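Reading the structure
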Amino acid sequence: MATTRTKTARDRPSYRCTECGWTTAKWLGRCPECQAWGTVEEYGAPAVRTTAAGRVTAAAVPIGEVDVRHATARSTGVPELDRVLGGGLVPGAVVLLAGEPGVGKSTLLLDVAAKAASAEHRTLYVTGEESASQVRLRADRIKALHDDLYLAAETNLSSVLGHLDAVKPSLLVLDSVQTVASPEIDGAPGGMAQVREVAGALIRASKERGMATILVGHVTKDGAIAGPRLLEHLVDVVLQFEGDRHARLRLVRGVKNRYGTTDEVGCFELHDEGITGLADPSGLFLTRRDEPVPGTCLTVTLEGRRPLVAEVQALTVDSQIPSPRRTTSGLETSRVSMMLAVLEQRGRISALGKRDIYTATVGGVRLTEPAADLAVALALASAASDTPLPKNLVAIGEVGLAGEVRRVTGVQRRLAEAHRLGFTHALVPTDPGKVPAGMKVTEVADMGDALRVLPRRARADAPQGEDVRR
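Residues numbered from 1 in each chain as written. Predicted model: local features only at pLDDT ≥ 70, side-chain atom pairs only at ≥ 80, totals over all residues. Heavy atoms only, no water.

**Describing the overall build of the chain**
- Looking only at helices and strands, the chain features ten helices and 21 strands.
- Counting every position in the chain, which comprises 470 residues, the buried fraction comes to 45%.
- Sequence-distant contacts in the chain: of pairs separated by 6 or more residues, those separated by 24 or more amount to 66%.
- Counting only carbon and sulfur atoms, one obtains 51% of the accessible surface of the chain, whose full area is about 24,100 Å².
- Across the chain, the centroid of the 58 positively charged side chains sits 4 Å from that of the 56 negatively charged ones. (Helix = DSSP H or I, 4+ residues; strand = E, 2+ residues; numbered from the N terminus. Buried < 20%, exposed > 50% of the residue type's maximum accessible area, 1.4 Å probe, protein only. Contact = heavy atoms within 4.5 Å. Areas by Shrake-Rupley, 256 points an atom, 1.4 Å probe, with all protein chains shown as cover. Lys, Arg positive; Asp, Glu negative; His and termini not counted. Charge placed at Lys NZ, Arg CZ, Asp CG, Glu CD.)

In structure tokens form, the structure reads like this:
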């Protein structure tokens, strides 16, 4: 009589999320832990084994005796990108550059590939989204041609590895990692399994050959890097390429960097002839005028460690509808609403509640840090009273709901940049530290102190007897 074997828990299949590691006894389409779709896969229960000590590949040496010459960064030929990378590309480093479609990733990297190419250091540019002729047309337009820049259009991982054996490049640019697939792995290109396999194979090739690699990555509709989170952990550097497609400014931010800091930002200008680095981008965010205009105020924002002088503009008009409009561009709507409430309650400005209010920044820059609060408040107050602020004035400071002006980081660096560009007067929170010689710095403790720089004058079109600053 045959005996029936009871199926134990050890024999039952188990399922695990490849994103967060959550385990379950049955398959699910969506992980309840990290809310990722299609990441729960079956895996067998591993047998309990003991790993024996094996032969080491290289003897351990004191850290002071490790040769660092093979890890010296090499310039990409683009100073703004070198700034973010921490000096350049390290041999064997893998860089992931992500950004929205049309922001200029391919244009930037084609320019980098041409400038980094030389007789001693070949560059291989592999495109999976365009044909070779399309990339050649872009190279002609941006003048990114070089005899040691090799171009290949491939979507097969084995073919890409074959090109590495044939060209032996010092720099590989893959555009993009979501378009390349391995025939040995099931799934469509861009799937999680394919992205892991392609990235893992190229990372191994980069480390073995001492070849720097730049991978282009897609982003989701939420702005996050597409694919498994493991991809960001495997690479050495993660860069985010940002910018409004309707503006000229592009920013490259370091999200992760094993070879440098992540508080540097590279500034670029996108134009018809390609993309160029901006060593001094503050001019993009300013409007030069002979005479000051009501509703404008200048501030200094920090992008990473780089100070940038930016202009905030405000406009108030009589509303024709019961609910006045509140429109912002380049500013956070919630911060502007807070400044309106503070001006009405703490600054005693009553002409804002029933008027349409428009606020914007110049040049497409986004001001998200609280240090721009004071400039936003002064621009709104200036627009409400139709009175311009003093010429060559910058305002720096965070404004609280009680009307106080709080200290912000990097005040001295901000003042030095404003002074370099010719601004002579600044409003800052108390105790700013050492200030540039020849610059008049006024310390303000609250909005009452800050509004004293605005002359008391009623709007020319205000109703008789109404003062917008009671």
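Here the narrative resumes, following the displayed structure.
**Some points on the sheet that holds strand E3 (residues 40-43)**
- Read across the open sheet, the three strands follow the order E2-E1-E3; overall the sheet is antiparallel. Each edge of the open sheet carries a strand with a single partner, namely strand E2 (23-24) and E3.
- As paired elements, strand E1 (residues 14-17) and E2 share two bridges and run antiparallel to each other. In the strand pairing of E2, Tyr15 is matched with Thr24. (Pairing = 2+ DSSP bridges.)

**Quick look at the pairing of strand E9 (residues 237-242)**
- Across the six residues of E9, five count as buried, placing the element largely inside the fold.
- Pairing between strand E4 (residues 94-99) and E9: five bridges, direction parallel. Bridge assignment links Gly99 to a residue of E9, and that residue is Phe241.
- Here E9 pairs with strand E10 (residues 249-257) via six bridges, running antiparallel. In the sheet register, Gln240 faces E10, and the bridge partner there is Arg253.

**Overview of the pattern of salt bridges**
- Applying the stated rule across the entire model yields 25 salt bridges.
- A salt bridge links Asp318 to Arg355, with the shortest nitrogen-to-oxygen separation between them at 2.4 Å. Taken together, the positions of Asp318 in strand E14 (residues 306-318) and Arg355 in strand E16 (residues 355-361) put the pair 37 residues apart, joining distant regions of the chain.
- Judged by its relative accessible area of 46%, Asp318 is partly exposed.
- You can call Arg355 buried: its relative accessible area is 11%. (Salt bridge = Lys/Arg side-chain N within 4 Å of Asp/Glu carboxyl O.)

**So, the packing of helix H2 (residues 105-116) against helix H3 (residues 132-142)**
- The N-to-C vectors of H2 and H3 enclose an angle of 70 degrees; their axes lie 10 Å apart at closest approach. Viewed along their axes, H2 and H3 adopt a mutual orientation that is roughly perpendicular. On H3, the residues touching Ser106, Thr107, Leu110 and Asp111 of H2 are Val135, Arg138, Ala139, Arg141 and Ile142. (Axes fitted to C-alpha atoms, helices over the stretch in contact; angles between N-to-C directions. Parallel < 35°, antiparallel > 145°, perpendicular 65-115°, else oblique.)

**Describing the environment of Gly254**
- Turning to its location among the elements, Gly254 is positioned in strand E10.
- With residues near it in sequence (within four places) discarded, Gly254 still touches Val84, Val238, Leu239, Thr262 and Glu264.

**Quick look at the nonpolar core**
- Ranked by size, the top nonpolar core spans 46 residues in total, and within it Leu343, Leu374, Leu378, Leu380, Leu427 and Met447 carry the most contacts.
- Broken down by secondary-structure element, the contributors of at least two residues to this core are E10, strand E11 (265-271), E14, helix H7 (333-345), helix H8 (373-385), strand E17 (393-395) and helix H10 (447-450).
- With near-sequence residues (within four places) excluded, Leu427 lies in contact with Leu374, Leu378, Leu393, Val394, Ala395, Ile396, Thr442, Val444, Ala450 and Val453.
- Counting residues in each nonpolar core, the second largest holds 33 residues, with Leu110, Val112, Ala114 and Val135 among its members. (Core = buried A, V, L, I, M, F, W, Y, C linked by side-chain atoms within 4.5 Å.)

**Thoughts on the environment of Val238**
- Inspection of the secondary structure puts Val238 in strand E9.
- Among the residues examined, Val238 registers a relative accessible area of 2% and is labelled buried.
- For the pair Val238 and Met192, spaced 46 residues apart in sequence, the C-alpha to C-alpha distance is 18 Å.
- Beyond its immediate stretch of four places on either side in the chain, Val238 contacts Leu96, Ile225, Glu232, Arg253, Gly254, Val255 and Lys256.

**Concerning a nonpolar patch on the surface**
- Residues Val61, Ile63, Val66 and Val68 make up a contiguous nonpolar surface patch of roughly 420 Å² in combined accessible area.
- Locating Val66 in the fold gives a position in the loop between E3 and helix H1 (79-85). (Patch = residues over 30% accessible without salt bridge, like charges linked within 9 Å, V, L, I, M, F, W, Y side chains within 5 Å.)

**Some thoughts on the sheet that holds strand E5 (residues 123-127)**
- Strand order in the open sheet formed by nine strands is E6-E5-E7-E8-E4-E9-E10-E11-E12, and the pairing between neighbours is mixed. The sheet is open, and its two borders are formed by strand E6 (149-153) and strand E12 (274-277), each paired with just one other strand. Each adjacent strand pair in this sheet contributes to an overall mean axis angle of 20 degrees, direction not counted.
- Its contacts with the sheet place helix H5 (residues 192-209) against E4, strand E7 (171-175) and strand E8 (212-217), and it is angled at close to 170 degrees to E7.

**Some thoughts on the pairing of E16**
- The buried count for E16 comes to five of seven residues, which makes it a mostly enclosed element.
- Where E14 lies against E16, seven bridges are found, and the strand directions are antiparallel. Within E16, the position partnered with Gln313 by the bridge is Ala360.
- Across four bridges, strand E15 (residues 326-329) lies against E16 in parallel orientation. Each bridged residue has a counterpart across the sheet, and for Thr328 the counterpart in E16 is Thr359.

**A word on the environment of Val394**
- Turning to its location among the elements, Val394 is positioned in strand E17.
- Sequence-distant contacts of Val394, that is, excluding residues within four places in its chain, are made with Leu298, Ala418, Phe423, His425, Ala426, Leu427 and Met439.

**Describing H3**
- Regarding H3, the residues found buried are Val135, Arg138, Ala139 and Ile142. All buried residues of H3 project into a common sector of 105 degrees when viewed along the axis, lining one side.
- Contacts from the buried residues of H3 go to H2, E5, E6 and E12.
- Just downstream of H3, Lys143 is the residue with a positive phi angle, here 60 degrees. (Arc of directions from axis to C-beta.)

**As for the packing of helix H4 (residues 157-167) against H5**
- Running from N to C, H4 and H5 point in directions that differ by 10 degrees, and their axes come no closer than 11 Å. By the angle between their axes, H4 is roughly parallel relative to H5. Considering the relative orientation of H4 and H5, their crossing is right-handed. Within the contact between the two elements, H4 uses Leu157, Val160, Leu161, Leu164 and Asp165 and H5 uses Glu197, Val198, Ala201, Leu202, Ala205 and Arg209. (Left-handed = near helix turned anticlockwise from the far one by under 90°.)

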